[in-house]
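Spelled out from the first residue to the last, the chains are:
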Amino acid sequence: MQTKRYALITGANKGIGFETALQLGRMGYVILLGARNELKGEEAAQLLVNKNIEAHSIMLDVTRQATIEAAVSQIKQKFGSLDVLINNAGISAGGATPPSQISLEDIRKTYDTNFFGMISVTQAMLPLLQQSSAGRIVNLTSGLGSLAFNSDPTHEHAQFNLLAYNSSKAAVNMFTVTLAKEFRNTPLKINSADPGFTATDLNGFTGLGTVKQAAAIVVKLAVLDENGPSGGFHGHGGELPW
Ligand SMILES: NC(=O)c1ccc[n+]([C@@H]2O[C@H](COP(=O)([O-])OP(=O)(O)OC[C@H]3O[C@@H](n4cnc5c(N)ncnc54)[C@H](OP(=O)(O)O)[C@@H]3O)[C@@H](O)[C@H]2O)c1
């Protein structure tokens, strides 16, 4: 009998996170559906249960350390292990305000969720992930976090000159690289995933791709076998330039 594999996805009550939960659930993973709003989390988990997926809502606000610690205890007590962590929760405070004018408050807010929150959740979940024979961490980044794309005025991303969001995702990429280096001689694999410009609440549904397409790259990196890459920046078309 195959033992259960557990996947925690932050910010999974909607958007790309929810679709990732759906796709991993269909592959047989037990879904630990992270949501900062308990009710929204429970409703989203119920939608998965209605599709015959084993899913449990976990209250988790990545900017609130107490909820992260409570989530670790809950996972330890109820499930005993964790195989996949998808660091999906993300925001874009300050939006398209020009770099010369965006407030430090908006930059800090964006970093609190996208970068510091990701680090806190990962550090807290690492002891559980290290107990897995094939622990996988997928960090949601963006092509907008690529310094190469940002510095090319002809690139399609050039119009999105978002200091807070873009730099937070560049920082996410550095987190991926440094963490993967630290764990290179272990079974753990840690990668950055760019889901592509996707129609979700994050961009007022102006994105061009569907969440189904977006989640595919996230899921691919979550289920890598032991020969898969670690420390990479991956999009739908393959590796992306830093
Ligand atoms: N959409 C795109 O074009 C695109 C492109 C590249 C990368 N990404 C990345 O993909 C990820 C998912 O984005 P999305 O497009 O699916 O956006 P979304 O629909 O706005 O979903 C974002 C999710 O993050 C949650 N969240 C925000 N702050 C949180 C916090 N402090 N703690 C826990 N959860 C929190 C939200 O919860 P609430 O419902 O409570 O707000 C929501 O569940 C993000 O990291 C984003 O940067 C998106």
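Note that the coordinates shown come from a computational prediction; the quantities given were computed from them, not determined experimentally.

Criteria and thresholds
Residues numbered from 1 in each chain as written. Predicted model: local features only at pLDDT ≥ 70, side-chain atom pairs only at ≥ 80, totals over all residues. Helix = DSSP H or I, 4+ residues; strand = E, 2+ residues; numbered from the N terminus. Rg over C-alpha atoms; globule rule 2.2 N^0.38 Å. Buried ≥ 20, exposed ≤ 12 C-beta atoms within 10 Å, placed from the backbone. Expected span 1.5 Å × (residues − 1). Contact = placed C-beta atoms within 7 Å. Right-handed = clockwise from strand over helix to strand, strands pointing away. Pairing = 2+ DSSP bridges. Axes fitted to C-alpha atoms, helices over the stretch in contact; angles between N-to-C directions. Parallel < 35°, antiparallel > 145°, perpendicular 65-115°, else oblique. Left-handed = near helix turned anticlockwise from the far one by under 90°. Near = placed C-beta within 6 Å. pLDDT = per-residue confidence, 0-100. Arc of directions from axis to C-beta.

Of regular secondary structure, the protein possesses seven helices and eight strands. On C-alpha atoms alone, the protein measures out to a radius of gyration of 17 Å, which is about the 18 Å that the 2.2 N^0.38 rule sets for 242 residues. If one aligns the C-alpha atoms of the protein with their principal axes, the spans along those axes are about 55 × 40 × 30 Å. Burial statistics for the protein: of 242 residues in total, 45% are counted as buried.

So, about helix H7 (residues 211-222). In an α-helix, one turn spans 3.6 residues; hence positions three or four apart end up facing the same way. An ideal rise of 1.5 Å per residue puts 16 Å on 12 residues; H7 measures up with 16 Å between its terminal C-alpha atoms. Elements in contact with the buried residues of H7: strand E1 (6-9), helix H1 (15-26), strand E4 (84-87), strand E5 (136-140), strand E6 (189-193) and strand E7 (233-235).

Right, let's get into unusual backbone geometry. At Asn52, a residue that is not glycine, the phi angle is positive and equals roughly 65 degrees. Note on placement: Asn52 falls in the loop between helix H2 (38-49) and strand E3 (55-59). At Phe205, a position not held by glycine, the phi torsion is positive, near 60 degrees. Examined against the element boundaries, Phe205 turns out to sit in the loop between E6 and H7. The class of Phe205 is exposed, set by 9 C-beta atoms lying within 10 Å.

Glancing now at the pairing of strand E2 (residues 30-35). Counted residue by residue, E2 has five buried out of six residues, so it is predominantly covered. Handedness of the crossover is the feature at issue here: the chain leaves E1, passes through H1, returns alongside E2, and the resulting connection is right-handed. As paired strands, E2 and E3 are joined by five bridges and run parallel to one another. Bridging from a neighbouring strand, Leu33 pairs with Ser57 of E3. In this fold, E2 hands off to H2, which returns the chain to E3; that crossover is right-handed.

Let us now look at the packing of H1 against H7. Relative orientation of the contacting elements H1 and H7 amounts to 60 degrees, with a least axis distance of 8 Å. Taken together, H1 and H7 sit at an angle that is classed as oblique. H1 and H7 meet at a crossing whose hand is right-handed. Here Gly15, Ile16, Glu19, Thr20, Gln23 and Leu24 of H1 come into contact with H7, specifically with Val211, Lys212, Ala214, Ala215, Val218, Val219 and Ala222.

The environment of the ligand is formed by 31 residues, the closest being Gly11, Gly15, Ala89, Gly90 and Thr200. Elements supplying a minimum of two residues to the shell around the ligand: H1 and helix H4 (104-131). In terms of residue count, the dominant contributor to the shell around the ligand is H1 (three residues).

Once that is clear, we can look at the sheet that holds E6. The strand order across the open sheet formed by eight strands is E3-E2-E1-E4-E5-E6-E7-E8, and the pairing between neighbours is mixed. The sheet terminates laterally at E3 and strand E8 (238-239), the two strands that pair on one side only. In this structure, E6 lies alongside E7, joined through two bridges in parallel fashion. Looking at the pairing, Ala193 lines up with His234 of E7.

Next up on the list: the confidence of the model for the protein. Taken as a whole, the protein shows an average pLDDT of 97; of its residues, 99% reach a score of 70 or greater. Of all helices and strands in the protein, the one with the weakest mean pLDDT is helix H5 (residues 147-150) (96), whereas E5 scores best (99).

Time to look at helix H3 (residues 65-78). Over its 14 residues, H3 extends 20 Å from the first C-alpha to the last, a length consistent with the 20 Å expected when each residue adds 1.5 Å. For H3, the set of buried residues is Ile68, Ala71, Val72 and Ile75. Taken down its axis, H3 places every buried residue within 100 degrees of arc, on the same side. Facing away from the buried surface of H3 by more than 90 degrees, the exposed residues are Ala66, Glu69, Ser73, Gln77 and Lys78. On its buried face, H3 is in contact with E1, E2, E3 and H4.

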